[in-house]
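# Analysis of the macromolecular model
What follows is each chain in one-letter form.
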Amino acid sequence: MAAVARRGSLSDLGSDSEDSSLSDSELQEAFARGELKPGLNVVLEERPKRRNDADGLKQCLAEFGKQLAWVERLDVTLGPVVDPVAQGASSTDAVDPENDFQREMSFYRQAQAAVLEALPRLRKLQVPTRRPDDYFAEMAKSDQQMQKIRQKLKSKQEAMERSEKAKQLRAMRKYGKKVQTEILQRRQKEKKNMLNAVKKYQKGLSDKLDFLDDEQTSSQGNKKGSASQRTKKGPNAKRRYKNQKFGFGGKKKGSKWNTKESFNDVSSFQSKVAHNKGPGKARKGGKKALNKRPGKRARQKMKNRAR
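Bear in mind the structure is a predicted one, so any value in this text is a computation, not a measurement.

### With respect to the overall build of the protein chain
Within the protein chain one finds 13 helices and two strands. Going through the 307 residues of the protein chain one by one, you find that 7% of them count as buried. Excluding contacts between residues fewer than 6 apart, the proportion of contacts in the protein chain whose partners are at least 24 apart in sequence is 53%. Summed over all atoms, the accessible surface of the protein chain reaches about 29900 Å², with 53% contributed by carbon and sulfur.

### Overview of the environment of V127
Its location among the elements puts V127 in the loop between α6 (100-124) and α7 (143-203). Residues V127 and V71, 56 residues apart in the sequence, show an inter-C-alpha distance of 8.7 Å. Aside from chain neighbours lying at most four places away, what touches V127 is V71 and L122.

### Focus: a nonpolar patch on the surface
On the surface, a cluster of nonpolar side chains totalling about 250 Å² of accessible area is made up of V71, L74 and L125. Counting through the fold element by element, V71 comes out in helix α5 (residues 70-73). Overall, the relative accessible area of 33% leaves V71 in the partly exposed class.

### A closer look at the pattern of salt bridges
In a structure, side chains of opposite charge can pair up when their charged atoms sit close to one another. Applying the stated criterion to the full structure yields two salt bridges. A salt bridge links D100 to R103, with the shortest nitrogen-to-oxygen separation between them at 2.8 Å. You can see D100 and its partner R103 sitting in helix α6, three residues apart, about one turn around the helix. Judged by relative accessible area, which is 48%, D100 ranks as partly exposed. By relative accessible area, which is 25% here, R103 ends up partly exposed.

### Looking at unusual backbone geometry
In this structure, L74 takes a positive phi of about 55 degrees despite not being glycine. With respect to the helices and strands, L74 occurs in the loop between α5 and α6. Phi at Q126 is positive, roughly 60 degrees, even though this residue is not glycine. With respect to the helices and strands, the residue Q126 is situated in the loop between α6 and α7. By relative accessible area, Q126 is classed as exposed at 72%.

### A word on the confidence of the model for the protein chain
Per-residue confidence for the protein chain gives a mean pLDDT of 76; residues scoring 70 or more make up 70%. Low pLDDT, under 50, characterises residues 1-20; the predicted model gives this stretch 32 contacts beyond four residues in sequence or across chains.

### Quick word on a positive patch on the surface
Among the surface-exposed residues, K167, R170, R173 and K177 lie close enough to one another that they form a single positively charged patch. Mapping R173 onto the fold places it in helix α7.

### Points about α6
With 25 residues, α6 extends 37 Å from end C-alpha to end C-alpha; this agrees with the ideal 36 Å at 1.5 Å per step. For α6, the full list of buried residues reads S106, R109, A113, A118 and L122. Among the structural elements, α5 are those in contact with the buried residues of α6. Capping of α6 at its N-terminal end is provided by N99; its side-chain oxygen lies 3.2 Å from the backbone amide nitrogen of F101. Looking at the residues trailing α6, positive phi occurs at Q126, about 60 degrees.

Reading the values: the criteria
- By convention here, each chain's residues receive numbers from 1 onward along its written sequence.
- Two thresholds apply to this predicted model, a pLDDT of at least 70 for residue-level local features and 80 or more for giving and counting side-chain atom pairs, whereas whole-chain, interface and lining totals are computed over all residues.
- Side-chain measures here rest on the full set of heavy atoms in the structure, leaving out hydrogens and waters.
- Per the convention used, a helix needs a DSSP run of H or I reaching at least four residues, while a strand needs a run of E reaching at least two, with both numbered from the N terminus.
- To sort residues, take the accessible area from a 1.4 Å probe on protein chains only and compare it with the maximum for the residue type: under 20% means buried, over 50% means exposed, and anything in between is partly exposed.
- When checking whether two residues touch, look at their non-hydrogen atoms; a contact exists if any pair is within 4.5 Å.
- What sets the accessible areas is the Shrake-Rupley method with a 1.4 Å probe; for residues, cover comes only from the shown protein chains.
- Only residues whose relative accessible area exceeds 30% and that take part in no salt bridge are eligible for patches, with like-charged residues grouped when within 9 Å of each other and nonpolar side chains (Val, Leu, Ile, Met, Phe, Trp, Tyr) grouped when within 5 Å.
- Here, a salt bridge means any side-chain nitrogen of Lys or Arg that lies within 4 Å of a carboxyl oxygen of Asp or Glu.
- pLDDT gives the predictor's per-residue confidence on a scale running from 0 to 100.
- Counted as positive: Lys and Arg. Counted as negative: Asp and Glu, with His and the chain ends omitted from the count.
- By convention, the point assigned to a charge is CZ for Arg, NZ for Lys, CD for Glu and CG for Asp.
- Here, expected helix span is obtained from the residue count minus one, scaled by 1.5 Å.
- Under the rule applied, a polar contact is a pair of N or O atoms within 3.5 Å (in protein, one hydrogen donor and one hydrogen acceptor; residues adjacent in sequence only if both atoms are side-chain atoms).

The structure is reproduced here in structure tokens:
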């Protein structure tokens, strides 16, 4: 109430009451009696008179206006061009402002009419209306800004490529895990079947050993498959260099082992040599005498001679 009273104006209290400072209680009592009116401190009963200075406005307009040639102004004021579909000029009253299509078509036909009017006048004034082939326009954005845009586009493209590679890797890992699980399941199944067959054989429920042949054939097939894969892939650069330097060699381990054929072959057996009855029997110890190691004193003498 006090705030409203302070903002109010004193209408009937007189000019003396305006200058004197009133307390809050007095203002509240005046507001209750209706002596205060909301608004400005001084209420103006009459509105200020508005002036319509037409001569002054025309003078300002004449000062602003410049008598320039049309080629400098390029202003064309025309109505819309004739609509060939409607076969008649569409007036502005016929266009529904709420219809977006009609409104945009009206703008388009009006711009088309302005172009049809302005182009012949420009050609008459020998003003070029087409852009030359070697036209160069400076870009609105600076080179630094364009470089930032290029870097951002490049980073987006790299991010997309990384995401695609990650998707491919995930798909490959998923497929590899699937294949690995299938192989492990197959091996477990084969192992389980073989153990069941062995148990049956041990208990005397079966007298067949076909599961051993199946295991051998499967292992041989795996070895052949891996060998074919290696031959298809070919040796690496390190292996090729060693083959070129040392030769291909061959199997070293187990090369002196007997086989079934060599064990049964006795054509090269010589009884005299085997029983020490040959020409070397006069020697003491036979072949072993040839490979006898010299004694310690003999070795010491040999070292002293070499010095």
